[in-house]
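Coordinate analysis (summary)
In case you want the letters, here they are:
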Amino acid sequence: MQFLRRVGLILLWLAVPFFAFVAANKNDPYLVPLRGGGNIALVVASLLIVIVLLWRGRWRSFAGKLLVMLWCLPPLLMSAAHLKFELRKRDVLAASATEARRLGPHFMVGYSSFPEVARLAEQGLIGGVYVTRHNVRGRTIEALRSEIAALQDKRRAAGLPPLVVAADQEGGIVGHLAPPLTKVPALAKLTGLAPDEQQARAEEFGRIHGRELADLGVNLNLAPVLDLKPPQRRNRLDFHTLIGQRAIATDPVVVSTIASAYVRGLEETGVGATLKHFPGIGRVRTDTHHFSASLNTPVKELETTDWLPFREVLSHSRSALMVGHVTLTAVDPDRAASHSKQVVQGIIRDKWGYQGMVMTDDLVMGAIYQNDVCKAVVEAINAGVDLLLVAYDGAQFYRVFACALEGSRQGRLDAAMLHASAARLERGFPTAQARVSSAAISVARRN
């Protein structure tokens, strides 16, 4: 029994730093599964341990006093983290109408709470929403359709442009709304077919996705993937990118052919496509969901291989372009492409002449979030990025928007870039198509 008590005490000493760390970082994206009930359980467990230690008389010794005090830390640290989050949230929600309308259109956010995202939409603090599997889990598709329509109604009542509503329906292993939507095979499954059959089937896949998304109220699909399929296996730490399973082919011509057909089918239904993840992550072995990554290939080689599908599909579609969190070392070795002016303005805008919508990959990914988020947000806006995506953990919107708000108030945002971006969003696919989708949904609801 004495031995077990000693083991128990050792475990308590070892566990308290872990509990304290989790409590202090309760708002970190990696701890999303612990939010709500998990946070309550951590606080209750800490308090119960304090009560048991006091009941056992551990307060009488110096070591016991220290242990009790340490176990009081998790609830205090969690309270402090929660207060910091609420103060930041309050500051964002208190932004003036001018600030909201200047910055809000450039943010797209994933959400769990409808009342919370409705408030952001009504105040003009966001320009788009991202819907994914947790928005349909345990619910009917009709419920989500009504929710999206209600958001658009609130925008209309507030005199604001319709929201861009995005989903991630690539097909294959990435189909975050399937089920209940139709599960479509990966476009890579078409590579063994004859070219004509490839195009016919890809176009049909695009129409299937487009019809179902448009019916739901989604007007922008974050697909297709144009990264070239890597010839070798990625490292064992690649848990989420899995580009080998998502990419279409190793041959850029095949990728262009299939992707172009898919985009045609998607656009026929009124839903826009998003080409991703420029400048290409097929050659990158690091998972940007968790780590920084570099693309060390010379630009001349990329232009004749990896970038061919991007240029080809952009040249004859209204697609948006998603820029990944990969550092293109030959162009800008100091920052990821998603917030590099040399990449976005220098290559995409100036060299390619593309004046459509450019968006970042999810800013909650480790390649950005684990570094200087505020610097990345300001640099992305100043680089000419139109939409900043906060998808996986919508609560991080307040942190990301606070960065833009601070940058604006300190005069660090490029007014000319913001103005040009606002004009692109106004004339480009997303806003125009959102108006069409929003009007169609309203008509459907009245009938």
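The structure we're discussing is the one just above.
Keep in mind it's a predicted model, so treat the numbers as computed, not measured. (Residues numbered from 1 in each chain as written. Predicted model: local features only at pLDDT ≥ 70, side-chain atom pairs only at ≥ 80, totals over all residues. Heavy atoms only, no water.)

1. Notes on the packing of helix α3 (residues 62-93) against helix α16 (residues 397-409)
Put simply, the rule is: Axis lines are fitted through C-alpha atoms, for helices just across the contact stretch, and the angle between N-to-C directions can take any value from 0 to 180 degrees. Secondary structure counts use DSSP, requiring at least four H or I residues in a row for a helix and at least two E residues in a row for a strand, with both numbered from the N terminus. Angle categories are assigned with fixed cut-offs, so that under 35 degrees is roughly parallel, over 145 is roughly antiparallel, 65 to 115 is roughly perpendicular, and the rest are oblique. The hand of a helix crossing depends on one turn: near helix anticlockwise from the far one by less than a right angle means left-handed, and clockwise means right-handed. Any two residues whose heavy atoms approach within 4.5 Å are treated as being in contact.
Across the interface, α3 lies against α16 with an axial gap of 9 Å and an inter-helix angle of 55 degrees. By the criterion of interaxial angle, the relationship of α3 to α16 is oblique. As α3 runs across α16, the sense of the crossing is left-handed. Residues F85, R88, K89, D91, V92 and L93 of α3 form the contact with α16, whose own contacting residues are F397, Y398, R399, F401, A402, L405 and R409.

2. Remarks on the packing of aromatic side chains
To be explicit about the condition: Side-chain rings of Phe, Tyr and Trp (the six-membered ring for Trp) are treated as a pair once their centres are within 6.5 Å; stacked means planes under 30 degrees apart, edge-to-face means over 60, and tilted covers the remaining angles. Any residue under 20% of the maximum accessible area for its type is buried, any over 50% is exposed, and the rest in between are partly exposed; the area is computed with a 1.4 Å probe on protein chains only.
Applying the stated rule across the entire model yields 11 aromatic pairs. A ring pair is formed by F278 and W307, whose centres lie 5.0 Å apart and whose planes are at 45 degrees; its orientation type is tilted. Within this pair, whereas F278 is found in strand β7 (residues 272-278), its partner W307 is found in the loop between α11 (299-303) and α12 (308-315), the two being separated by 29 residues in sequence. With respect to class, F278 is no different from W307; both count as buried. Between the aromatic rings of W307 and W352, the centroid separation amounts to 5.9 Å while the plane-to-plane angle is 75 degrees, which identifies the pairing as edge-to-face. Of this pair, W307 sits in the loop between α11 and α12 while W352 is found in the loop between α13 (341-351) and β11 (358-360), placing the two residues 45 residues apart along the sequence. Residue W352 is classed as buried on the basis of its relative accessible area, which comes to 13%. Ring pairing ties together the aromatic residues F85, F107, F397, Y398 and F401, which thus form one cluster.

3. Some thoughts on the state of the cysteines
Under the convention used in this document: Two cysteine sulfurs form a disulfide in these notes if their separation is within 2.5 Å.
A complete count under the given rule lists 1 disulfide for this structure. Covalent S-S linkage joins C374 and C403, the inter-sulfur distance amounting to 2.1 Å. Taking the sign of the S-S torsion, about -70 degrees here, the bridge from C374 to C403 comes out left-handed. Here C374, found in helix α15 (residues 373-383), pairs with C403, found in helix α16; they are 29 residues apart in sequence, far enough to count as distant. Looking at C374, the relative accessible area reads 27%, which means it is partly exposed.

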